[in-house]
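Observations on chain architecture
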Amino acid sequence: MSHLSERPEMPVVGVSMPHESANLHVTGTALYTDDLVSRTKDVLHAYPVQVMKAHGRITALRTEPALAVPGVVRVLTKADVPGVNDAGMKHDEPLFPDEVMFHGHAVAWVLGETLEAARLGAAAVEVELDEQPSLVTLQDAIAANSYHGAQPVMLAGDIDAGFADSAHVFTGEFQFSGQEHFYLETHAALAQVDENGQVFIQSSTQHPSETQEIVAHVLGLHSHEVTVQCLRMGGGFGGKEMQPHGFAAIAALGAKLTGRPVRFRLNRTQDLTMSGKRHGFHAEWKIGFDADGRIQSLDATLVADGGWSLDLSEPVLARALCHIDNTYWIPNARVAGRIAKTNTVSNTAFRGFGGPQGMLVIEDILGRCAPLLGLDPMELRERNFYQPGQGQTTPYGQPVTQADRISTVWQQVQNDAGIADRKREIAAFNAAHPHTKRALAITSVKFGISFNLTAFNQGGALVLIYKDGSVLINHGGTEMGQGLHTKMLQVAATTLGIPLHKVRLAPTRTDKVPNTSATAASSGADLNGGAVKNACEQLRERLLQVAASQLGANASDVRIVEGVARALGSDKELAWDHLVHTAYFQRVQLSASGFYRTEGLHWDAKTFRGSPFKYFAHGAAATEVEVDGFTGAYRIRRVDIVHDVGDSLSPMIDIGQVEGGFVQGAGWLTLEDLRWDTGDGPNRGRLLTQAASTYKLPSFSEMPEEFYVTLLENAGEEGAVYGSKAVGEPPLMLAFSVREALRQAAAAFGPAGVSVELGSPATPETVYWAIEAARRGDVQRNGDAHEGGELPAGASALSNA
């Protein structure tokens with residue numbers, strides 16, 4: 001076992017414990033960015049001047065009426081920017097635009113003594129617009145050939161030969177929706193400037209270093225003149241990876257110009273209408289199977305809805321392409337990607353970061369094709385799994401080294417859930433209930449862990465030991481409720497060999513740990529845990545030398561366990577606090593900077609080949625649903641999950657992440673239905689689902705009635721911190737089992753062998769129309785798929801070539 005993975009005696013990692021801020025959360029004493037306003041004197045409030053048109057050039061911007069509003073201090077415009085007027089990393093997101101690119105685009109910001117004054121001032125600003133045609137939907141953009149960014153193509157094998165060898169070839173298309181992050185805490189920032197002109201920003205951001213970088217270039221400063229701190233976030237889910245930067249820059253610009261602290265916080269409607277979502281996708285595909293139902297060839301084109309600017313659309317699309325295989329070996333593949341440019345908010349990172357979109361395409365294909373091949377969907381999926389010992393690689397060329405875990409979690413979830421018996425019970429239930437049907441589906445996950453951009457796979461930490469033996473750790477990761485700080489405390493305590501209560505964690509700040517990567521890509525624990533461990537190891541080695549001199553032993557024979565240093569074969573011992581005190585008086589350095597870089601990664605974005613991921617996380621979920629044939633309404637009766645988190649750093653945290661990720665995935669696939677006004681009226685491009693009243697989120701009523709989560713045992717990951725694996729994103733994709741169960745339940749209302757087309761999100765309305773199509777028989781069945789020509793109504797998106 002590698003040094004990084006090996007666990008010492010009596011480790012604190014692996015122990016189930018609550019979130020480090022759990023008590024603060026439930027008592028309401030946890031501080032978030034906007035809570036700091038009441039502790040800050042003379043704060044100004046920033047409010048956006050939004051233009052409620054989808055597209056147009058600004059011909060006039062009159063701010064004088066706003067300055068006449070009592071309490072308005074200043075209006076920020078493009079003329080006030082001393083540096084670069086851009087809030088993005090691609091230089092395509094002007095902070096103060098000349099062209100309105102989506103309904104609700106902010107073109108100026110008003111600073112007021114009160115929020116109400118700023119709001120009234122913003123309403124008084126006069127904007128004249130030369131309105132332009134707008135592309136609101138993905139279909140609009142595709143029809144207009146409106147694209148931007150990279151156009152990657154992933155190639156493997158020979159697709160023409162693969163199709164020639166296929167006994168069955170199907171073609172189809174599939175479009176599915178995005179998802180609103182709907183974190184509890186909206187975007188917020190608080191900026192101050194000290195007597196030296198140093199800018200200090202409290203920001204709800206997943207990427208403090210990039211917030212620092214953007215603010216610096218907007219203000220025309222160097223990074224060492226800007227400090228960004230993130231106490232914690234009330235949720236992020238990827239929505240705070242790129243998008244907080246411009247908002248923080250507005251607060252910082254206001255503070256720099258007025259000399260007063262400036263507070264920025266979006267209300268819920270503003271956050272929904274101004275911030276990006278998960279990318280919706282359109283897919284066209286052609287797939288070939290041999291006579292036994294094994295995939296021979298796949299030709300697909302994925303188009304992501306990028307919105308008005310690139311943001312993170314390019315890496316999101318890249319990860320989608322890299323995950324279209326999911327757990328299935330596709331020997332011959334050509335998968336192309338495009339990014340559509342639309343007049344909507346700029347879509348951004350969201351938990352899974354393109355992986356869910358890529359996987360959803362192949363899972364939809366298999367779910368639709370299984371009946372046409374005369375196979376049970378479970379059987380079709382299992383036949384196509386990557387197989388251990390076969391030397392199989394992904395379509396982009398990375399070896400699948402733990403293929404055995406795909407079948408292991410699959411088999412374990414079948415055993416734990418009693419699948420065979422329950423399928424017989426479901427068949428009997430369906431036969432006896434013509435207006436209600438049940439179905440049970442299993443899907444699996446293989447998700448690559450690491451940033452697509454190799455340079456991001458690094459982490460830093462600063463660990464301080466004080467004379468009294470207490471320890472303070474700083475690392476580059478941010479806490480958004482996912483439990484990263486809890487794990488880092490456990491890693492530090494384990495590495496130093498001391499009780500957890502000896503360790504405290506400081507807020508994430510750019511002046512403590514520089515040049516950090518975003519807390520994203522599920523890599524937070526891997527990168528920051530490796531860095532914390534590295535810093536603590538440096539300190540431990542120094543202290544072992546001190547302990548050895550006190551115990552009369554060799555340093556290599558000394559162990560620090562539960563806060564006591566002992567030499568092997570000796571009864572002598574030295575308490576931690578005394579050891580630290582002694583080290584101080586021997587002038588031993590008691591601080592260390594740690595660093596970690598993920599080894600073994602290489603990626604060529606041009607050829608789309610390499611090994612971009614350190615390892616794959618695996619999981620499988622079995623979901624049983626019951627569907628009402630009159631309304632399409634459904635309930636999730638039971639969910640069983642087996643998930644691979646390696647050797648868990650903190651089991652209670654990891655189980656919570658699996659549960660939360662699954663429910664969020666089920667929300668995306670079944671409930672959360674983003675809608676825009678696509679008409680030609682004055683509100684074209686307006687987001688219609690602007691609140692929880694119109695945008696349905698999963699709640700207790702959507703939770704499975706029975707919910708069982710098991711972490712895969714004996715699954716230590718070689719070469720990862722203390723043998724653990726990432727957990728944040730992979731569980732979201734276990735929710736494919738919900739959608740596939742709904743598809744099978746809808747099909748059960750029709751004749752045997754029906755292939756059901758199911759929209760996404762699979763709302764009750766969508767399920768109802770799928771049921772009606774199954775009942776009418778205007779969907780394809782095994783044995784009567786069309787050989788070209790016209791398809792029956794309702795089957796336009798699937799044909800057997």
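Residues numbered from 1 in each chain as written. Predicted model: local features only at pLDDT ≥ 70, side-chain atom pairs only at ≥ 80, totals over all residues. Heavy atoms only, no water.

With respect to the overall build of the protein chain
How we decide: A run of H or I in DSSP becomes a helix once it reaches four residues, and a run of E becomes a strand once it reaches two; helices and strands are each numbered from the N terminus. Exposure is judged per residue with a 1.4 Å probe applied to protein chains only, and the accessible area is read against the type maximum: over 50% gives exposed, under 20% gives buried, and values in between give partly exposed. Under the convention used here, a 1.4 Å probe and the Shrake-Rupley method define accessible areas, while residue burial counts only the protein chains that appear. The convention is simple: Lys and Arg are positive, Asp and Glu are negative, and His and the chain ends are not counted. By convention, the point assigned to a charge is CZ for Arg, NZ for Lys, CD for Glu and CG for Asp.
Along the protein chain, the regular secondary structure elements total 19 helices and 30 strands. Expressed along its principal axes, the backbone C-alpha trace of the protein chain runs to roughly 85 × 80 × 50 Å. Sorting the 801 residues of the protein chain into buried and exposed places 61% on the buried side. Just so you have it, the protein chain exposes about 29300 Å², and 50% of that area is on carbon and sulfur atoms. Here the protein chain contributes 66 positive and 90 negative side-chain charges, whose respective centroids are spaced 3 Å apart.

Structural notes on the pairing of strand 21 (residues 558-561)
Using the following cut-off: Two strands are said to pair when DSSP picks up at least two bridges between them.
Relative to strand 22 (residues 564-567), strand 21 runs antiparallel, the two sharing 4 bridges. The residue bridging Arg559 from the neighbouring strand is Arg566, located in strand 22. Between strand 21 and the antiparallel strand that follows it, strand 22, lie 2 residues; Glu562 among them carries a positive phi value of about 50°.

A word on the side chain of Asp271
Heads up, the rule is: For this analysis, a salt bridge means a side-chain nitrogen from Lys or Arg found within 4 Å of a carboxyl oxygen belonging to Asp or Glu. N or O atoms closer than or at 3.5 Å make up a polar contact, with two conditions inside protein: a donor-capable atom paired with an acceptor-capable one, and, for residues adjacent in sequence, both atoms drawn from side chains. Any two residues whose heavy atoms approach within 4.5 Å at even a single point are treated as in contact.
Here Asp271 is to be found in helix 8 (residues 268-274). Notably, Asp271 is buried but unbridged: the nearest opposite-charge side chain belongs to Arg268, and the N-O separation is 5.0 Å. A polar atom in the side chain of Asp271 sits 3.0 Å from the backbone nitrogen of His187. Here Asp271 is in contact with Glu180, Tyr183, Thr186, His187, Leu266 and Lys277, once residues within four sequence places are set aside.

Considerations on the environment of Val639
Relative to the helices and strands, Val639 resides in strand 28 (residues 634-643). A relative accessible area of 0% means that Val639 is categorised as buried. Taking the C-alpha atoms as reference points, Val639 and Pro399, separated by 240 residues in sequence, lie 31 Å from one another. Apart from the residues lying within four places of it in its own chain, the contact partners of Val639 are Ala622, Thr623, Phe662, Pro704, Glu706, Phe707 and Tyr708.

Considerations on the packing of aromatic side chains
This is how the line gets drawn: Stacked, edge-to-face and tilted are the three classes for Phe, Tyr and Trp ring pairs, Trp counted by its six-membered ring, which pair at centre distances within 6.5 Å; planes under 30 degrees apart are stacked, over 60 edge-to-face, the rest tilted. In this scheme, the term charge over a ring applies when either NZ of a lysine or CZ of an arginine sits within 6 Å of the ring centre and within 35 degrees of the ring normal.
Inspection of the entire model under this criterion finds 19 aromatic pairs. With 5.0 Å between their ring centres and 40° between their planes, Phe174 and Phe176 make a pair best called tilted. The exposure classification of Phe174 matches that of Phe176, with both residues buried. Pairing Trp603 with Phe608 gives two aromatic rings, centres 4.9 Å apart and planes at 75°, and the pair type is edge-to-face. Ring pairs connect the aromatic residues Tyr396, Trp603, Phe608, Phe613 and Phe616, which therefore count as one cluster. When the ring centre of Phe749 is taken as origin, the NZ or CZ atom of Lys437, which lies over that ring, is 5.9 Å away.

With respect to the pattern of salt bridges
Using the criterion set out here, one finds 50 salt bridges in the structure. The residue Asp654 makes a salt bridge to Lys487 at a minimum N-O spacing of 2.6 Å. Of the two residues, Asp654 is situated in helix 17 (residues 651-670) and Lys487 in helix 14 (residues 484-496); the sequence distance between them amounts to 167 residues. Glu740 is paired through a salt bridge with Arg743; the nearest N and O atoms lie 3.0 Å apart. Of this pair, Glu740 and Arg743 both sit in helix 18 (residues 736-747), 3 residues apart, which is roughly one turn of the helix. Side by side, Glu740 and Arg743 carry an identical accessibility label, which is buried.

Considerations on helix 15 (residues 524-551)
Spelled out, the test is: To estimate the expected span of a helix, count its residues, drop one, and scale the result by 1.5 Å.
Taking 1.5 Å per residue as the helical rise, helix 15 with its 28 residues ought to reach 40 Å, and the 38 Å between its terminal C-alpha atoms agrees with that figure. Of all 28 residues that make up helix 15, 20 are buried, and the element is covered over most of its length. Backbone geometry just after helix 15 places Gly552 at a positive phi near 65°.

Some remarks on the sheet that holds strand 4 (residues 99-100)
Across the sheet, 3 strands lie side by side as 4-2-6; this open sheet has antiparallel pairing. If you trace the sheet from one side to the other, it starts and ends with strand 4 and strand 6 (126-131), each paired once. Pairing geometry for strand 2 (residues 56-62) and strand 4, over 2 bridges, is antiparallel. If you follow Gly56 over to strand 4, its bridge partner there is Val100.

With respect to helix 6 (residues 208-219)
For helix 6, which comprises 12 residues, the first-to-last C-alpha distance of 16 Å matches the rise-based estimate of 16 Å (1.5 Å per residue) to within 8%. In this structure, the buried residues of helix 6 make contact with strand 10 (199-203), strand 11 (226-230), helix 7 (244-258) and strand 20 (508-509). Note on helix 6: the residue one or two positions beyond its end, Gly220, has a positive phi of about 70°.

Remarks on the sheet that holds strand 20
Applied cut-off: Between N-to-C directions, angles cover 0 to 180 degrees, with each direction set by a line fitted to C-alpha atoms, over the stretch in contact for helices.
Pairing within the open sheet is mixed, and its 8 strands lie in the order 3-5-1-12-9-10-11-20. Edge positions in the sheet fall to strand 3 (72-76) and strand 20, since each has one partner strand and no second. Note that strand 9 (residues 188-193) and strand 10 share 5 bridges and pair antiparallel. Directly across from Ala189, in strand 10, lies its bridge partner Ser203. The strands that helix 6 touches are strand 10, strand 11 and strand 20; relative to strand 11, the one it contacts most, it runs at about 145°. Seen against the sheet, helix 7 touches strand 1 (44-51), strand 3, strand 5 (105-112), strand 9, strand 10 and strand 12 (262-265) and runs at an angle of roughly 30° to strand 9.

What about the packing of helix 17 against helix 18?
Quick reminder of the rule: Any angle between 65 and 115 degrees counts as roughly perpendicular, while under 35 counts as roughly parallel, over 145 as roughly antiparallel, and the rest as oblique.
Running from amino to carboxyl end, helix 17 crosses helix 18 at an angle of 40°, the nearest separation of the two axes being 8 Å. By the angle between their directions, the pair helix 17 and helix 18 is classed as oblique. Between helix 17 and helix 18, the contacting residues are Phe662, Ala666, Trp668, Leu669 and Thr670 on the first element and Phe736, Ser737, Val738, Arg739 and Leu742 on the second.

A short note on the environment of Arg686
Relative to the helices and strands, Arg686 resides in the loop between helix 17 and strand 29 (706-711). Between the alpha carbons of Arg686 and Tyr32 there is a distance of 30 Å; along the sequence they are 654 residues apart. Contacts of Arg686, omitting those with residues within four sequence positions, involve His103, Arg675, Trp676 and Asp677.

So, the pairing of strand 27 (residues 615-628)
Counting buried positions along strand 27 gives 13 out of 14 residues, so the element sits mostly inside the fold. The sheet contact formed by strand 27 and strand 28 spans 9 bridges and is antiparallel. Residue pairing in the sheet places Ala621 in a bridge with Ile641 of strand 28.

So, the nonpolar core
Note the cut-off: What makes a nonpolar core is a set of buried Ala, Val, Leu, Ile, Met, Phe, Trp, Tyr and Cys residues whose side-chain atoms join them at distances within 4.5 Å.
Counting residues in hydrophobic clusters, the biggest one holds 111 residues, and the most contacted among them are Ile287 and Phe662. The greatest single-element share of this core, amounting to 9 residues, is contributed by helix 10 (residues 355-372). Once residues lying within four places of it in the same chain are set aside, the contact partners of Ile287 are Phe163, His168, Val169, Phe170, Ile295, Ser297, Leu298, Ile362, Ile365 and Cys369. In this structure, Ala493, Ile498, Ala525 and Ala547 belong to the second largest nonpolar core, which totals 53 residues.

Examining the confidence of the model for the protein chain
Where we set the bar: Confidence of the prediction at every residue is given by pLDDT, a number between 0 and 100.
Scored by pLDDT, the protein chain comes out at a mean of 96, with 97% of its residues at no less than 70. In the model, residues 783-797 has pLDDT below 50 throughout and makes 25 contacts with residues more than four positions away in sequence or in other chains.

Let's talk about the side chain of Thr598
Note that Thr598 resides in the loop between strand 24 (591-597) and strand 25 (602-604). Look at Thr598 and you get buried, because its relative accessible area is 10%.

Description of the packing of helix 15 against helix 16 (residues 576-585)
Each packed pair of helices is defined by two parameters, the angle between the axes and the distance between the axes. To be explicit about the condition: Under the grouping applied here, Gly and all other residues not named as nonpolar or charged are polar, the nonpolar ones being Ala, Val, Leu, Ile, Met, Phe, Trp, Tyr, Cys and Pro and the charged ones Asp, Glu, Lys and Arg.
Interaxial distance between helix 15 and helix 16 falls to 10 Å at its minimum, and their mutual angle equals 100°. With respect to their mutual orientation, helix 15 and helix 16 come out roughly perpendicular. In this structure, helix 15 contributes Leu543, Val546, Ala547 and Gln550 to the contact, and helix 16 contributes Trp576, Leu579, Thr582 and Ala583. Its residues assigned to classes, the contact of helix 15 with helix 16 shows 6 nonpolar, 2 polar and no charged.

Regarding the environment of Met154
Along the polypeptide, Met154 turns up in strand 7 (residues 153-156). Beyond its immediate chain neighbours, meaning those up to four positions away, Met154 contacts Leu321, Ile324, Ala333, Arg334, Val335, Pro395, Tyr396 and Phe608.

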